[in-house]
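# Structural overview
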Amino acid sequence: MRFLFTVNKLANFYFFIQNLSEWHFSNRKDYNVLWCNKVGELSLKEKDVLQQLKEIHSRHSFGKSYLGKYFFLKQDPWMNLGRELPEEDFKKIKDVFYVLEGKFDLLWNEELPLLKRWEKELQIKANDPLISKYVIDILNALFNIKVAKSKIGVYLLFSSEEHTGGGANINKKNVTIEVSRYPVENIEHVLGIIWHETIHLRFQNKHFFSLVLKQTHDRKKANLINEIVISSLFPRGILGVRIFKNKPAHKLAEEVDSIQTIKILNLTKEYVDKKKSLDKNYIESITKLLKL
């Protein structure tokens with residue numbers, strides 16, 4: 001597995017306005033507070049265009065219809081977006097960019113050197129061939145899959161000093177990592193997040209997630225179990241601690257207490273050490289621990 005890092009202005013501009021619109025529960029509200037402190041509070045006009053973006057996004061959520069993918073993947077996203085959207089919605093999104101451009105440019109001037117520093121550090125440390133082979137061998141066994149050597153694009157985005165995160169919502173070849181202001185001294189944690197998102201991208205879907213869904217008969221429960229299981233590996237799970245010396249997680253998710261976390265980590269460790277596929281017995285044990 002080889003990770004290719006990109007700092008893209010338009011992708012960050014889109015991330016900026018998408019997050020400000022707070023269209024999705026995963027949007028980082030602390031980022032919005034930081035940004036407004038840096039470049040000024042939102043005007044009534046800015047709030048109005050962001051509300052329009054929020055309404056459009058509610059009809060184009062993550063998945064195949066996710067509008068953000070064009071701003072990451074295309075040199076001219078507007079041409080593709082114009083084909084995707086009705087003319088009225090297309091104009092509203094262009095208005096958001098136009099109205100917020102001044103604030104974004106102020107922020108971009110501060111963020112760009114921080115993102116470039118992260119790009120340089122990650123290019124050096126993320127592609128250790130021995131670590132990559134070790135991780136892939138374990139993940140192939142756990143998820144009952146054979147992922148060959150491949151390239152993963154990693155788009156580096158704005159963050160706060162206290163908060164980082166990632167996503168696998170663009171396509172099957174790229175992930176996002178929010179990292180700009182996060183301390184570079186915590187690079188091992190970020191490496192763990194990159195592998196966490198890579199599992200979402202390349203390992204979970206062929207067998208594991210469908211098995212979880214089949215046993216739970218509930219997509220919401222299946223998503224929760226899936227996220228907890230991956231978190232039990234990276235960034236502060238078994239492999240994140242073992243490989244990157246990250247501090248172990250006290251809680252794998254808001255829905256999981258510390259005692260449940262310890263039991264899940266121990267169970268996952270058994271499968272990791274034996275290089276055994278995550279099977280029905282594993283999922284049943286997780287479901288019972290979570291009382292789902």
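First, a word on scope: everything that follows refers to the structure included in this document. (Residues numbered from 1 in each chain as written. Predicted model: local features only at pLDDT ≥ 70, side-chain atom pairs only at ≥ 80, totals over all residues. Heavy atoms only, no water.)

## Concerning the packing of aromatic side chains
Here is the rule: Only Phe, Tyr and Trp rings take part, Trp by its six-membered ring, and two of them pair if their centres are within 6.5 Å. Stacked means planes under 30 degrees apart, edge-to-face means over 60, and tilted covers everything else. By definition, any uninterrupted DSSP run of H or I lasting at least four residues is a helix, any uninterrupted run of E lasting at least two residues is a strand, and each is numbered from the N terminus. Exposure is judged per residue with a 1.4 Å probe applied to protein chains only, and the accessible area is read against the type maximum: over 50% gives exposed, under 20% gives buried, and values in between give partly exposed.
Under the defined criterion, the tally for this structure stands at 25 aromatic pairs. Judged by centre distance (5.2 Å) and plane angle (90°), the ring pair of Phe 3 and Trp 195 falls under edge-to-face. Of this pair, Phe 3 sits in strand S1 (residues 2-6) while Trp 195 sits in helix H8 (residues 187-203), and the two are 192 residues apart along the sequence. With respect to burial, Phe 3 and Trp 195 carry one shared label: buried. Consider the rings of Phe 71 and Trp 78, whose centres lie 5.3 Å apart with planes at 85°: the pair is edge-to-face. Take Phe 71: its relative accessible area is 1%, and that puts it in the buried class.

## Here's the deal with the sheet that holds strand S3 (residues 165-167)
In plain terms, the rule: Pairs of strands are assigned from DSSP output, requiring at least two bridges between the strands. An axis is simply a line fitted to the C-alpha atoms; with a helix, the fit covers only the stretch in contact. Between two such axes, the angle follows the N-to-C directions and lies from 0 to 180 degrees. By the convention used here, residues are in contact when the closest approach between their heavy atoms is within 4.5 Å.
Spatially, four strands are ordered S1-S2-S4-S3 in an open sheet, and the strand pairing comes out mixed. Across the chains shown, the open sheet's two edge strands, defined by having one partner strand only, are S1 and S3. Each adjacent strand pair in this sheet contributes to an overall mean axis angle of 25°, direction not counted. Two elements, strand S2 (residues 151-157) and strand S4 (residues 174-178), share five bridges in a ladder whose sense is parallel. Its bridge partner being in S4, Tyr 155 is matched across the sheet by Thr 176. Seen against the sheet, helix H1 (residues 9-21) touches S2 and S4 and runs at an angle of roughly 60° to S2.

## Points about the environment of Trp 23
By the element assignment, Trp 23 lies in the loop between H1 and helix H2 (29-39). When its relative accessible area of 11% is taken as the criterion, Trp 23 is described as buried. In this structure the C-alpha to C-alpha distance between Trp 23 and Ser 61, which are 38 residues apart in sequence, comes to 9.0 Å.

## Quick word on H1
Basically, it comes down to this: To estimate the expected span of a helix, subtract one from its residue number and multiply by 1.5 Å.
The end-to-end C-alpha distance of H1, which contains 13 residues, comes to 19 Å, matching closely the 18 Å that a straight helix rising 1.5 Å per residue would cover. When you tally the buried positions in H1, you get eleven out of 13 residues, the bulk of the element. Every buried residue of H1 is listed here: Ala 11, Asn 12, Phe 13, Tyr 14, Phe 15, Phe 16, Ile 17, Gln 18, Asn 19, Leu 20 and Ser 21. Taken together, the buried residues of H1 touch H2, helix H3 (44-57), helix H4 (69-73), helix H6 (87-125), S2 and S4.

## A word on the nonpolar core
A general tendency of soluble globular proteins is for nonpolar side chains to be buried together. Put simply, the rule is: Throughout this description, the term nonpolar core refers to a set of buried Ala, Val, Leu, Ile, Met, Phe, Trp, Tyr and Cys residues connected via side-chain atoms within 4.5 Å.
Ranked by internal contacts, the top residues of the largest apolar core, which has 99 residues, are Ile 17, Leu 139, Phe 143 and Leu 156. Of the residues forming this core, the biggest block, eleven residues, is contributed by H6. When neighbours within four sequence positions are excluded, Leu 139 is seen to be in contact with Asn 144, Ile 145, Trp 195, Ile 199, Phe 203, Leu 233 and Leu 239.

## Describing the pairing of S4
The buried count for S4 comes to five of five residues, which makes it a mostly enclosed element. Of the two faces of S4, the one lined by Asn 174, Thr 176 and Glu 178 and the one lined by Val 175 and Ile 177 are each fully buried. The pairing of S3 with S4 spans three bridges and is classified as antiparallel. When the bridges of S4 are listed, Gly 166 appears paired with Ile 177. The turn joining S3 and S4, which pair antiparallel and follow one another in sequence, is formed by six residues.

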